[in-house]
Amino acid sequence: MGESKIFGILQRIGRSFMLPIAILPVAGLFLGIGGSFTNPTTIEAYNLTAVLGPGTFANSLLTVMSQAGEVVFANLPILFAMGVAIGMAKAEKAVAALAGALSFFIMHTAIAAMITVNGGADKMLAGSVAMTVGIQSLQMGVFGGIIVGLGVAYLHNKFYKIQLPQALSFFSGTRFVPIITAIVYLVVGILMFYVWPTVQLGINQVGQLVRVSGYFGTWIYGFMERILIPFGLHHVFYLPFWQTSVGGTLEVGGKMVEGAQNIFFAQLADPTVQKFSVDATRFMAGKFPLMIFGLPGAALAMYKTAKPEKRKLVGGLLFSAALTSMLTGITEPIEFTFLFVAPFLYLIHCIFAGLAYMLMHIMKVAVGMTFSGGLIDMTLFGILQGQSKTNWIGIVIAGIGYFVVYYFLFSFLIKKFNLKTPGREDDANAEVKLYTKADVNAKKGKASSKGANASDDELSIAIVHGLGGKSNIESVDNCITRLRCVVVDSKKVKDDVLKATGAAGVIKSGSGVQVIYGPKVSIIKSNLEEYLESSTVEDAYVDGMATKVEEEPKKILDLDSSLEVLAPVNGTIHDLSKVNDEVFSQKLMGEGFAAQTEDGDIYSPVSGEVGMIFPTKHAIIVATDDGLEVLIHMGIDTVKLEGEGFELFCSVGDKVKAGDKLAHMDLEFIKSKGYETITPVIFTNLEAGKTIEVSEGKSVKAEAGRVGIR
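Keep in mind that what you see is a predicted model, and the values were worked out from it rather than measured.

1. Points about the packing of helix H14 (residues 287–304) against helix H20 (residues 393–416)
Close contact between H14 and H20 brings their axes to 7 Å; oriented N to C, the two are set at 30°. By the criterion of interaxial angle, the relationship of H14 to H20 is roughly parallel. Crossing handedness for the pair H14 and H20: right-handed. Class assignment of the residues belonging to the contact of H14 with H20 gives a composition of 20 nonpolar, four polar and one charged.

Structure follows, in structure tokens:
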């Protein structure tokens, strides 16, 4: 596996962590407000006994809030199991979430059973057993949830489209995912009983190494947390410190708690705690002076160094970004702006970030956070908790220094090196803007783009056409055998097209449409949902033929004006105007010609690759190395034959040479069904101005007959 692929996977894992992490601010808000104003010490300190004392309505409400927040932190492992599975799943994310929860319960139940059959918790190492969602299991913490989430996502992505034998087809597709994940995590649970204690010992030793490294270790942590942000890997780095024993363990309220953030919020919920643990908050508190004071100082420096005529515009942008950083701790607009114009400024910023964490550790500031170090979290978890518990005043003292240092240092460097921060552009008409991660990636040449055709799943394209186009489809679901859709206008639904996709029948009732596919419907539904989500094409289907539609049609820029192609038949060739179908005769699909086979054999007119074969076998696209796409459409309206009368000698992806046999048409059968056997050959993306030259009615042989393109 290449480095870029590993990096991409790590980024996806980091992003998947964000879903459960995003729950924490509201849980922290409940716990922070509820815990603060039900704490007897706080109530007495502010003389609020009459309003917030025990027995009052406000006290009852705040108690509910506190416990509602506490339950989130107490059950983070299962939230991570579901959240990571959702984040890493490619599609059918609801199924991944269900499988994640199911697998989490099964794994921990298997561990609990192993503990019981091996003599019970008393025989285990001290502190190694804990209650997880009401199950006596090993102390795995959020690592247990991550193990489940990642494994379930892998199994889900591998099997959610699986097609089982006909006798077991009911369990195909998404129904198979909970089955396979349950079996796998029953085994994983048994293995974890033997493996996890050793893993836990290793994790604890890593955490101990970090803790004994003292202030320097805290600086390293802060530096790494910032330096990884441009790569999107910071979540992968800090999460073990916040949620596992790498960040320490501590007994709170009679329970052993692991993870810096979990320790802080457990102490926050315990009214008997007199001082929050600095060993835990050392992995959080450093953000406050950086985000509330330091980055606003950098913003002021960029404003003051901007050209006078642009300061008003720059000031509005920077004031908004600085205020966002101060209140919420969201720093991207400022950080990525100086990362974009001068990466060495960002390196300096990371060095100072590590120093901020170290200073908070030295000053014994014990303020935690839910998500980021803004004024909101500082107020809830610092100021409201009291100076004696948190020593929050240290943030202000260090923060003022940070504001001054950031302002003067950044002002000096911007002027010294003439950095093009907002408002200092050489071009007077240049756009004044703050930058984002996307701008940084684009500058490095790493920006990615997606084509307009989000899927080349011809069956899904045909179903969309049959349902009246993408905009006519309101919702898609399925039962055991039927695709169940709700459409805007049922009059646009084309029964014949849907039946040609393999449906046994179509049932319409009002805006509801049921397309009967049998047990394989769950896979069809999954593919259709993926296509609808990613496609920007309204209807890529013409006359039963799914064609690849691109945002900008390919141009054959170097096409020789004398290029010729072989005739695809032994028979005669004709002008498109002779075809009894307006789509072809009026060249709505592009330039081309028609061929009438004498023996039913169809040959490739060009050398290239078979790019697409329609499920009903009546049409094939061959793409040349130059990008020219050639559609061979066997017969008129023959899509309605549902594949009967056609024999294929090629598959999608096959390399073919001009003159290779692609298919055979049963001419007698097709004619007996009332369909014409003339075969239009269309150059779907021929450069504008190019025309097809044919001699009307000319007899040709596939290995020698040529058609000119001019």
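2. Considering a nonpolar patch on the surface
Judged by side-chain polarity, Leu186, Val187, Ile190, Leu191, Tyr194, Val195 and Val199 come together as a nonpolar surface patch covering roughly 600 Å² of accessible area. Looking at the element boundaries, valine 187 is found in helix H9 (residues 176–212).

3. Brief notes about the pattern of salt bridges
Counted under the stated rule, the structure contains ten salt bridges. In this structure, glutamate 530 and lysine 161 form a salt bridge, with 3.4 Å as the shortest nitrogen-oxygen distance. Within this pair, whereas glutamate 530 is found in helix H24 (residues 521–534), its partner lysine 161 is found in the loop between helix H8 (141–159) and H9, the two being separated by 369 residues in sequence. Residue classification places lysine 161 among the partly exposed positions, given a relative accessible area of 31%.

4. A closer look at the pairing of strand S8 (residues 512–516)
The buried fraction of S8 is high, at four of five residues. As paired elements, strand S6 (residues 482–487) and S8 share five bridges and run antiparallel to each other. Bridging from a neighbouring strand, leucine 483 pairs with valine 515 of S8. The pairing of strand S7 (residues 505–509) with S8 spans five bridges and is antiparallel. Counterpart to isoleucine 507 in the pairing with S8 is glutamine 514. What sits between S7 and S8 in their antiparallel hairpin is a turn of two residues, with glycine 510 showing a positive phi close to 65°.

5. Brief notes about the packing of helix H22 (residues 458–466) against H24
Relative to each other, H22 and H24 sit at 80°, their axes nearing to 9 Å. As far as their axial angle goes, H24 and H22 are roughly perpendicular. Here Leu459, Ser460, Ile461, Ile463 and Val464 of H22 lie close against H24, whose contacting residues are Ile524, Asn527, Leu528, Tyr531 and Leu532. Classifying every residue of the contact of H22 with H24 gives eight nonpolar, two polar and no charged.

Rules and cut-offs
Residues numbered from 1 in each chain as written. Predicted model: local features only at pLDDT ≥ 70, side-chain atom pairs only at ≥ 80, totals over all residues. Heavy atoms only, no water. Axes fitted to C-alpha atoms, helices over the stretch in contact; angles between N-to-C directions. Helix = DSSP H or I, 4+ residues; strand = E, 2+ residues; numbered from the N terminus. Parallel < 35°, antiparallel > 145°, perpendicular 65-115°, else oblique. Left-handed = near helix turned anticlockwise from the far one by under 90°. Nonpolar A, V, L, I, M, F, W, Y, C, P; charged D, E, K, R; others polar. Patch = residues over 30% accessible without salt bridge, like charges linked within 9 Å, V, L, I, M, F, W, Y side chains within 5 Å. Areas by Shrake-Rupley, 256 points an atom, 1.4 Å probe, with all protein chains shown as cover. Salt bridge = Lys/Arg side-chain N within 4 Å of Asp/Glu carboxyl O. Buried < 20%, exposed > 50% of the residue type's maximum accessible area, 1.4 Å probe, protein only. Pairing = 2+ DSSP bridges. Contact = heavy atoms within 4.5 Å.

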